[in-house]
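Structural characterization, general
So you can see what is in the structure, the chains are spelled out below.
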Amino acid sequence: MRPHVSAVRALRHHPRISQCRSLSSTASRRADFTHAIIGAGAVGLAIARRLQQVDGAQVLLIEKHGMVGTETSSRNSEVIHAGLYYGHDSLKTKLCLQGKQMMYEYCERTGVPYMNCGKWIVAQNDLQMEELHKVHDFAKSIGVPIHFVPKDEAKRREPDVRAEAGVLESPSTGIVDSHGFMRQLHADFEDLGGMTALASPVSKIQPPTHGQRQWKIWTAPPRASEPQASSPSAATPEQEGAGDDEASITAETLINSAGLYACGINNMVLPRDRHRTPFYAKGTYFSYSKSHPKPRTLVYPAPVPGHGGLGTHLTLDMAGRVRFGPDVEWVDSPNDLAPTGNSARFAAALEDIKSYLPGIDTESIALDYAGIRPKLGKLGAVASGKGFQDFYIKMEEGYDGFVNLLGIESPGLTSSLAIAEEVHGLLYK
Ligand SMILES: Cc1cc2nc3c(=O)[nH]c(=O)nc-3n(C[C@H](O)[C@H](O)[C@H](O)COP(=O)(O)OP(=O)(O)OC[C@H]3O[C@@H](n4cnc5c(N)ncnc54)[C@H](O)[C@@H]3O)c2cc1C
């Protein structure tokens, strides 16, 4: 594990950044950086690493917290998804398939802990079995390995798992140590010469003016003026004389990878008629303290069309611990991160869990942690059913050099390395 070179350096205290800024005031009028990326979650880190590989690139990764990867990227199921749920022609399917492959290869090459443990999707009745058939047919149509497990084999392999109507197995699903993955991406990025400004919340952005290709980006002192998730704060040239505590840099391109706060960054840059309202779907996890029952594969209930998530499923972490979740609860704030333990929710989750793991000791299930999915509406996570939300990854029209990433919910971790390729493609192809 490497220490982060710039672990506590805010933008305004960064000596290498001050050096770049003085260079920028020379006659060449070049921007301080070739690329500025807002947000050092798994996706921002992967993009930063990819863009720093471009010849002549000098990338700045800007993060509001004092460490990388402390928001959604460290509050998820750590599943390497196979790409079973997101429909034909969606970005989620394309990037999940490509990202899964890249993730396995990257973890293998760099030693990031992962396990290709596979996953079962279980059906308890005919209706759920219909959903499994849809998943099966879709997976076949896009070339993702999938098969039904015969009943006697299922009983033999996982005697504790109940699946009255059938089991669909996805052998290419796995799990990854998300923290180890992000540490490795960050180490790669800094080894390539990239720079990270931590504790640097972006507070204002000024798009290029007068035909110059320079984005100007201000950061505020941490916490003091963190933008709300959707509040616009576009800078006008008159606002240039920012407060003493603010720092600014310029960059030729700007990438918005701010996760739950990405709509706020979108609204700083784009005109009012292109503003976005963020929606938040919280998912609470439950821990399990007993060593039995403990399946060796991930277990998911059949997908429910139009649902905001994939159902209260059983996942394992790299230490072999069982956890359940996440459920779906619409909340008003990206800070509403306390796991929700009201009795109705807890009872509903227990009901879900007992349906496929009847031998579970419910006394040993406890509230664990929660994560929040960044949504662009009260939309479903899977393509069956109405209102599917795809990833939004675009070079914004009329804003050359601004790549905007919105709604990067699951399978964003799995897809992160492929998302980085996608962003590279938008800028260079
Ligand atoms: C409950 C849950 C379960 C999930 N399970 C899985 C799974 O099993 N597999 C999978 O592939 N995906 C899963 N996901 C999705 C995955 O976690 C996300 O898609 C991924 O982590 C998104 O990464 P990110 O870098 O876009 O966002 P984040 O990790 O949220 O990073 C964004 C960063 O931007 C920073 N930031 C925000 N605003 C500013 C600002 N103004 N200035 C500077 N920095 C700023 C934040 O501090 C943060 O560090 C799950 C998500 C949830 C919520």
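Below is a summary of the structure that appears in this document. Note that the coordinates shown come from a computational prediction; the quantities given were computed from them, not determined experimentally.

**Quick look at the overall build of the protein**
The helix and strand tally for the protein stands at nine helices and 20 strands. When contacts within the protein are restricted to residue pairs at least 6 apart in sequence, those whose partners lie at least 24 apart make up 79%.

**Remarks on the pairing of strand β14 (residues 298-301)**
Taking every second residue as pointing to the same face, both faces of β14 are buried, with Leu-298 and Tyr-300 on one and Val-299 and Pro-301 on the other. Pairing analysis gives four bridges linking strand β5 (residues 119-123) to β14, with the strands arranged parallel. Counterpart to Ile-121 in the pairing with β14 is Tyr-300.

**A closer look at the packing of helix α2 (residues 42-52) against helix α6 (residues 178-191)**
Axis separation between α2 and α6 bottoms out at 9 Å; the angle between their running directions is 25°. When the interaxial angle is binned, α2 and α6 end up roughly parallel. For the element pair α2 and α6, the recorded crossing hand is left-handed. Side by side, α2 and α6 meet where Ala-42, Leu-45, Ala-46, Ala-48, Arg-49 and Gln-52 of the first sit next to Ser-178, Phe-181, Met-182, Leu-185, His-186, Asp-188 and Phe-189 of the second. Its residues assigned to classes, the contact of α2 with α6 shows eight nonpolar, three polar and two charged.

**Describing the sheet that holds strand β4 (residues 114-115)**
Neighbouring strands of a sheet are bound in pairs by backbone hydrogen bonds; such pairs are parallel or else antiparallel. The antiparallel open sheet is built from three strands, whose spatial order is β3-β8-β4. Every interior strand has two partners, whereas the edge strands, β3 (79-80) and β4, have only one. Pairing analysis gives two bridges linking β3 to strand β8 (residues 174-176), with the strands arranged antiparallel. If you follow Val-79 over to β8, its bridge partner there is Ile-175.

**Looking at the packing of helix α3 (residues 91-110) against helix α9 (residues 412-428)**
Viewed as axis vectors pointing N to C, α3 and α9 meet at an angle of 110°, and their least axial separation amounts to 6 Å. On the basis of the axis angle, α3 is roughly perpendicular to α9. Residues Leu-95, Cys-96, Gln-98, Gly-99, Lys-100, Met-102, Met-103 and Tyr-106 of α3 form the contact with α9, whose own contacting residues are Thr-414, Ser-415, Ser-416, Leu-417, Ala-418, Ile-419 and Glu-422.

**So, the nonpolar core**
Ranked by size, the top nonpolar core spans 112 residues in total, and within it Ala-36, Ile-47 and Leu-60 carry the most contacts. Here the element with the most residues in this core is α2; it accounts for seven residues. Counting contributing residues, this core receives three or more from each of domain 1 (11-72 + 180-276 + 389-428) and domain 2 (119-171 + 279-375). Look past the residues within four positions of Ala-36 in its chain and what remains in contact with it is Leu-60, Ile-62, Trp-215, Ile-217, Ile-249, Ala-251 and Leu-254.

**Quick word on the site of the ligand**
Residues in contact with the ligand amount to 41 residues; listed here are only the nearest, Gly-39, Gly-41, Asn-76, Gly-259 and Gly-412. In terms of residue class, the shell around the ligand is built from 17 nonpolar, 17 polar and seven charged. Here the shell around the ligand spans two domains, since at least three of its residues come from each of domain 1 (11-72 + 180-276 + 389-428) and domain 2 (119-171 + 279-375).

**Description of α9**
When the terminal C-alpha atoms of α9 are compared, their 22 Å separation across 17 residues agrees well with the 24 Å that a helix rising 1.5 Å per residue should span. The axis of α9 is deflected most strongly, by about 40°, at Ala-418. Buried within α9 we find Gly-412, Leu-413, Thr-414, Ser-415, Ser-416, Leu-417, Ala-418, Ile-419, Ala-420, Glu-422 and Val-423.

**Examining the pairing of strand β16 (residues 322-325)**
Alignment of strand β13 (residues 279-288) against β16, held across two bridges, turns out to be antiparallel. Considered in β16, the bridge of Ser-287 is made with Arg-323. Where strand β15 (residues 313-316) meets β16, four bridges bridge the pair, whose relative direction is antiparallel. Of the residues in β16, the one forming a bridge with Leu-314 is Phe-324. The hairpin turn running from β15 into β16, its antiparallel successor, is five residues long, and Gly-320 in that turn takes a positive phi close to 85°.

**Details of helix α4 (residues 126-141)**
Compared with the 22 Å implied by 1.5 Å per residue over 16 residues, the 22 Å span of α4 between its first and last C-alpha is a close match. Every buried residue belonging to α4 is among Gln-128, Leu-132, Val-135, His-136, Phe-138 and Ala-139, and all of these are buried. In this structure, the buried side of α4 is in contact with β5, β6 (147-148) and β7 (166-170). Of the residues trailing α4, Gly-143 is marked for its positive phi of about 75°.

**Quick look at unusual backbone geometry**
With an omega of -10°, the peptide bond running from His-292 to Pro-293 counts as cis. Inspection of the secondary structure puts Pro-293 in the loop between β13 and β14. Cis peptide bonds are those with omega within 30 degrees of zero, and the linkage from Ser-410 to Pro-411 qualifies with 10°. Mapping Pro-411 onto the fold places it in the loop between β20 (402-406) and α9. The phi angle at Glu-78 is positive, at roughly 55°, despite the residue not being glycine.

**Observations regarding the environment of Thr-219**
Counting through the fold element by element, Thr-219 comes out in strand β11 (residues 215-219). Owing to 26 C-beta atoms within 10 Å, Thr-219 belongs among the buried residues under this scheme. Sequence separation between Thr-219 and Asp-245 is 26 residues; the distance between their C-alpha atoms is 8.7 Å. When neighbours within four sequence positions are excluded, Thr-219 is seen to be in contact with Leu-11, Ile-62, Ala-197, Ser-200, Pro-201, Val-202, Ser-203, Glu-246 and Ala-247.

**Points about the environment of Gly-166**
Locating Gly-166 in the fold gives a position in strand β7. Considered as a pair, Gly-166 and Ala-123 are 43 residues apart in the sequence and their alpha carbons are 5.3 Å apart. In contact with Gly-166, other than residues within four places in its own chain, are Ala-123, Met-129, Leu-132 and Phe-148.

Cut-offs and rules
- Residues numbered from 1 in each chain as written.
- Predicted model: local features only at pLDDT ≥ 70, side-chain atom pairs only at ≥ 80, totals over all residues.
- Helix = DSSP H or I, 4+ residues; strand = E, 2+ residues; numbered from the N terminus.
- Contact = placed C-beta atoms within 7 Å.
- Buried ≥ 20, exposed ≤ 12 C-beta atoms within 10 Å, placed from the backbone.
- Pairing = 2+ DSSP bridges.
- Axes fitted to C-alpha atoms, helices over the stretch in contact; angles between N-to-C directions.
- Parallel < 35°, antiparallel > 145°, perpendicular 65-115°, else oblique.
- Left-handed = near helix turned anticlockwise from the far one by under 90°.
- Nonpolar A, V, L, I, M, F, W, Y, C, P; charged D, E, K, R; others polar.
- Core = buried A, V, L, I, M, F, W, Y, C linked by C-beta atoms within 7 Å.
- Domains from an automatic or database assignment.
- Near = placed C-beta within 6 Å.
- Expected span 1.5 Å × (residues − 1).
- Bend = angle between axes of the 7 residues up to and from the residue.

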